[in-house]
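An overview of the molecular structure
Residue strings, one per chain:
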Amino acid sequence: MMAIINSGSHGLTPGCVFLRFLLLTTLVTGIGFAEVAYGNGPSGKMKETTARMQEKYVDAQKRYLALPGDTEAAWQFARACFERAEFATNNFERATLAEQGITPCREQLARGVRIAPVHYYLAMNLGQLARTKTLGALKIVDEMEREFKMARAHDERLDYAGPDRSLGLLYLEAPRIGSIGSRSKARQHLQKAVELAPDYPENRLNFAEAFLKWTDHHYAKRELKALDELLPKARAEFAGPDWEGFWLDWDVRLLRLRKSIDEHTRAEAARKRG
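Source: prediction; values computed, not measured. (Residues numbered from 1 in each chain as written. Predicted model: local features only at pLDDT ≥ 70, side-chain atom pairs only at ≥ 80, totals over all residues. Heavy atoms only, no water.)

Let's talk about the pattern of salt bridges
The criterion, for reference: Within this document, salt bridges are pairs made up of a side-chain nitrogen of Lys or Arg and a carboxyl oxygen of Asp or Glu, the two lying within 4 Å of each other. Strands are runs of DSSP state E lasting at least 2 residues, helices are runs of H or I lasting at least 4, and numbering of each runs from the N terminus. Each residue is placed in one exposure class: buried if its accessible area under a 1.4 Å probe, protein chains only, is under 20% of its type's maximum, exposed if it is over 50%, and partly exposed if it falls in between.
Enumeration over the complete set of coordinates arrives at 19 salt bridges. Between E83 and R79 there is a salt bridge; the shortest N-O distance is 3.9 Å. With a gap of four residues between them, E83 and R79 both fall in helix α4 (residues 71-85), about one helical turn apart. Using a relative accessible area of 1% as the deciding quantity, one classes E83 as buried. Among the residues examined, R79 registers a relative accessible area of 8% and is labelled buried. A salt bridge links D251 to R235; the nearest nitrogen and oxygen atoms lie 2.8 Å apart.

See the structure below:
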């Protein structure tokens, strides 16, 4: 999404939707962030957010075209492509935006530029492209893994520990057979993201949801407790129009998390009663 505050050498700002939905829609559910957060029908909030992303995309594209070869303009345009693609209405639009975002990153790599945002947004746009594929998506996952690792090597704190968070989700959701799925690697990277940016809600949400997926309710409860403690501060820190979509996502996921844990707690209590 954006660089952690004390990692501001690249000047990243809020705005993009995180990879969790990207990966889930690629490998599991087939629906996008906008549908989960806003509903399938027309929405004033969705229209506002889409319009904001379109404006940022147009501005970034103009700057990229006006400054050929400029590294910052290149990765900022790649980021804008990824963000706008999250609100694409069909696979053709999403793939077109993803390919536009991939191009400047590849150009920079061909010129020998090796900085975290270039690798990171290449991987994010590859993920958008993978969403449009029925066959061949898993091949793209391998390149995503490589680019996220490169981003991590250059700046592990980028985007609130985005490289570790993204790798953790990649290993969590990818199939184990025929792909890179790995529970141990997923746990390692999701935990590292929490350690690097413990107050960023996405990191703890991902970790808690992973524990539920692994039916480890004890640790899921632990992460939910930590989330509850940090939420008041987080709501104040991550505030404003650029964060509205995030909170729609996070609040829905929190409700689902609480429901799952409560249901398990009640079932355990009923079992103990006999």
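So, the packing of helix α11 (residues 217-237) against helix α12 (residues 244-273)
This is how the line gets drawn: Only the stretch in contact is used when a helix axis is fitted, and all axes are lines through C-alpha atoms; the angle between N-to-C directions ranges over 0 to 180 degrees. Crossings are sorted by hand: turned counterclockwise from the far helix by less than a right angle, the near helix makes the crossing left-handed, and turned clockwise it makes it right-handed. In what follows, residue pairs with any heavy atoms lying within 4.5 Å of each other are defined as contacts. Under the convention adopted here, Pro, Cys and the residues Ala, Val, Leu, Ile, Met, Phe, Trp and Tyr are nonpolar, Asp, Glu, Lys and Arg are charged, and Gly plus all remaining residues are polar.
It is at 11 Å that the axes of α11 and α12 come closest, and there the two elements cross at 145°. The hand of the α11/α12 crossing is left-handed. Contact residues: α11 offers H217, A220, K221, L224, L227, D228, L231, A234 and R235, while α12 offers W247, D251, L254, L257, R258, I261, H264 and T265. Taken together, the residues that form the contact of α11 with α12 break down as nine nonpolar, three polar and five charged.

Section: the packing of aromatic side chains
To keep it simple, the criterion reads: Aromatic pairs are defined between Phe, Tyr and Trp rings, using the six-membered ring for Trp, whenever the two ring centres lie within 6.5 Å; interplanar angles under 30 degrees are classed as stacked, those over 60 as edge-to-face, and all others as tilted. Charge-over-ring contacts are defined here by two conditions on Lys NZ or Arg CZ: a distance within 6 Å of the ring centre and an angle within 35 degrees of the ring normal.
Scanning the model with the defined rule gives 18 aromatic pairs in all. A ring pair is formed by Y200 and W250, whose centres lie 5.5 Å apart and whose planes are at 90°; its orientation type is edge-to-face. Of this pair, Y200 sits in the loop between α9 (183-196) and α10 (201-213) while W250 sits in helix α12, placing them 50 residues apart in sequence. Grouping residues by exposure puts Y200 and W250 together as buried. The interplanar angle of 40° and the centroid separation of 6.1 Å between the aromatic rings of W243 and W250 together place this pair among those described as tilted. With relative accessibility at 5%, the residue W243 sits in the buried group. Here the basic side chain of R187 rests over the ring of Y219, its NZ or CZ set 5.2 Å away from the ring centre.

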